[in-house]
Amino acid sequence: MNAFTIGLLVGLGVVLVIAAIAKWRTRNKPMSVAEKAEFLSKRRARMLPALAVIFLSQQATFFSQMTGGEHVSAEKAKISAWLVLSALMLFALATKGFWFERKEVRDLIDDENTQANRNEAMRLGFLLAMGAAIAVYTLTMFDPTVTAREAVHIVMSFGIAAAILRWGVLERRAHRDA
Amino acid sequence: MPERLANRLKERRAELGLTQAELAEKVGVTRKTVNTVENGVFTPSATLAIKLARALGLSVEQLFWVEN
């Protein structure tokens, strides 16, 4: 099993452990659908900016080797774990998230205001991803050593991090006014 | 000057003795959405505006109006 596969498995494992802990922490709290939606919505608003920071901090490993050096095994594993986190965050952005919750709770969490915030976040994410793509394209005119993998990594990082951060900011603002 | 959708959601809700959470439950949204509509941070869809007006016993025009 190579380091990239190990990284993918570790990333998936971490996601499952976090989901299990989140579920376990709310096991003895009898809540109505509305209370649960409120509770989870506030937790999401707190988590999103932190997730964006973790996501961006993971980029250091990748970009430290952009000058053409070889990644050691541990770095390859981290890059694979980053891929899992990217897919997870993209999936959370594109769907209602909270996949292990009941449908009524999920529907309520993704109400009109949340959808508007999510759409605005995706709009910004798309614009920044395209901006990053243009910048990388321009860069390759002067430095043709940039690989396709590196280019994709930069575009994904900008797009996903910006969208997650924006969503978090909008959600926190909506809750803060309460 | 940009137009904005003003409302008397907070006053009417207080008249009826409803909390944001109770009103939110009546119209099927979270408290956050009611709060952002009340504060003018979020402009609701026509569907939500009608639901809010109905829950508060008013017409949409009595509850919302455009301000310059």
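Since the model is a prediction, treat every value here as computed from it, not as a measurement.

Student: Please provide a residue-by-residue account of the overall build of chain A, values included.
Tutor: Of regular secondary structure, chain A possesses seven helices and zero strands. Written out in order from the N terminus, the α and β elements of chain A read α-α-α-α-α-α-α. Every one of the 178 residues in chain A was classed for burial, and the buried ones make up 30%. Contacts in chain A between residues far apart in sequence, at least 24 positions, make up 81% of those at least 6 positions apart.

Student: Could you give me a rundown of the packing of helix H6 (residues 112-142) of chain A against helix H7 (residues 148-176) of chain A, with the residues and numbers involved?
Tutor: The geometry of a pair of packed helices is captured by two quantities: the angle between their axes and the separation between those axes. Residues and elements named next belong to chain A. Between H6 and H7, the least distance of the axes is 7 Å, while the angle of their chain directions is 155°. Judged by the inter-axis angle, H6 sits roughly antiparallel to H7. Note that H6 runs across H7; the crossing there is right-handed. Classifying every residue of the contact of H6 with H7 by side-chain character gives 19 nonpolar, four polar and four charged.

Student: Give me the interface of chain A and chain B: which residues, what numbers.
Tutor: In this assembly, 14 residues from chain A lie in contact with 16 residues from chain B. With four residues, helix H2 (residues 33-57) of chain A is the single largest residue contributor to the side of chain A that touches chain B. The residue inventory of the side of chain A that touches chain B, partitioned by class, reads seven nonpolar, three polar and four charged.

Student: Got a sec to walk through helix H2 (residues 20-27) of chain B? Specific residues and values, please.
Tutor: Listing the buried residues of H2 of chain B in full gives Leu 23, Ala 24, Glu 25 and Val 27 of chain B. Buried residues in H2 of chain B make contact with H2 of chain A together with helix H1 (9-15), helix H3 (31-38) and helix H4 (46-55) of chain B. One or two positions beyond H2 of chain B, positive phi appears at Gly 28 of chain B, with a value near 75°.

Student: So what's going on with the packing of H2 of chain B against H3 of chain B? Which residues, and what values?
Tutor: Residue and element names in this part refer to chain B. For the pair H2 and H3, the least separation of the axes is 8 Å and the interaxial angle reads 110°. Here H2 lies roughly perpendicular to H3, going by the angle between them. On the side of H2, the interface is formed by Gln 20, Ala 21, Leu 23 and Ala 24, while H3 contributes Arg 31, Thr 33, Val 34 and Asn 35. Class assignment for the residues of the contact of H2 with H3 results in four nonpolar, three polar and one charged.

Student: Give me the environment of Glu 38 of chain B: which residues, what numbers.
Tutor: All names here are of chain B. Within the secondary structure layout, Glu 38 lies in helix H3. Sequence spacing of Glu 38 and Leu 18 is 20 residues, and the spatial spacing of their C-alpha atoms is 13 Å. Ignoring anything within four residues of it in the chain, the contact list for Glu 38 reads Leu 9 and Lys 10.

Student: An account of the nonpolar core is requested, with residue identities and associated values reported.
Tutor: Among soluble globular proteins, nonpolar side chains are generally buried collectively. Within the largest apolar cluster, 22 residues are counted, with the highest numbers of intra-cluster contacts made by Ala 52, Phe 55, Phe 158, Ile 160, Ala 161 and Ile 164 of chain A. Looking at this core, the elements with two or more residues in it are H2, H6 and H7 of chain A. Counting residues per element, this core draws most heavily on H7 of chain A, at 13 residues. Apart from the residues lying within four places of it in its own chain, the contact partners of Ile 160 of chain A are Phe 55, Ser 86, Met 89, Leu 90 and Gly 125 of chain A. Counting residues in hydrophobic clusters, the runner-up holds 15 residues, among them Val 29, Phe 42, Leu 48 and Phe 64 of chain B.

Thresholds, definitions, all that
- Residues numbered from 1 in each chain as written.
- Chains lettered and ligands numbered in written order.
- Predicted model: local features only at pLDDT ≥ 70, side-chain atom pairs only at ≥ 80, totals over all residues.
- Helix = DSSP H or I, 4+ residues; strand = E, 2+ residues; numbered from the N terminus.
- Buried ≥ 20, exposed ≤ 12 C-beta atoms within 10 Å, placed from the backbone.
- Contact = placed C-beta atoms within 7 Å.
- Axes fitted to C-alpha atoms, helices over the stretch in contact; angles between N-to-C directions.
- Parallel < 35°, antiparallel > 145°, perpendicular 65-115°, else oblique.
- Left-handed = near helix turned anticlockwise from the far one by under 90°.
- Nonpolar A, V, L, I, M, F, W, Y, C, P; charged D, E, K, R; others polar.
- Core = buried A, V, L, I, M, F, W, Y, C linked by C-beta atoms within 7 Å.

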